Amino acid sequence: MFLKDIEGMPASQIAFLKAVSAGECHFNARDVTARYGLGTPNTITKNKRAMVQKDLLEKRGSGFAFVDPLFALWFRREYS
């Protein structure tokens with residue numbers, strides 16, 4: 001089921017999910033962008049919006065969190 005959610009997802013969106021999974025909040029920081037391969041600031045903004053629209057992430061405080069805790073566990077196991 002979860003594989004279907006990320007199947008066909010661009011690499012930059014998966015990278016964004018990896019950054020969120022690792023607890024990152026400053027996605028435009030040079031070291032975070034380089035570590036996860038997040039792309040340009042414009043790409044990061046588009047990915048934030050896309051992940052919220054797909055109901056995979058939600059805005060919490062200054063960062064993002066997975067909407068579904070089971071998806072978060074699965075994603076960490078598969079991609080971390």
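Our subject is the structure listed above.
Here the structure is a predicted model, which is why all the values come from computation and not from measurement.

(A) Fine view of the pairing of strand β1 (residues 57-60). Examined bridge by bridge, β1 and strand β2 (residues 63-66) share four bridges and lie antiparallel to one another. Pairing of Leu57 across the sheet is with Phe66, part of β2. Linking β1 back to β2 in an antiparallel pair, the connection comprises two residues, with Gly61 at a positive phi of about 60°.

(B) Layout of the side chain of Thr33. Relative to the helices and strands, Thr33 is located in helix α3 (residues 30-36). On the basis of relative accessible area, Thr33 is assigned to the buried category, the value being 18%. Filtering out sequence-adjacent residues up to four positions away, Thr33 remains in contact with Phe27, Asn28, Leu38, Gly39 and Ile44.

(C) Inspection of helix α2 (residues 11-21) at higher detail. By the criterion of burial, α2 is predominantly enclosed, with eight of the 11 residues buried. Turning to α2, its buried residues number three or more, namely Gln13, Ile14, Ala15, Phe16, Leu17, Ala19, Val20 and Ser21. Where the residues of α2 are buried, they touch α1 (2-6), α3, α4 (41-53), β1, β2 and α5 (69-79). Positive phi shows up at Gly23, right after α2, with a value of about 90°.

What counts as what
Residues numbered from 1 in each chain as written. Predicted model: local features only at pLDDT ≥ 70, side-chain atom pairs only at ≥ 80, totals over all residues. Heavy atoms only, no water. Pairing = 2+ DSSP bridges. Helix = DSSP H or I, 4+ residues; strand = E, 2+ residues; numbered from the N terminus. Buried < 20%, exposed > 50% of the residue type's maximum accessible area, 1.4 Å probe, protein only. Contact = heavy atoms within 4.5 Å.

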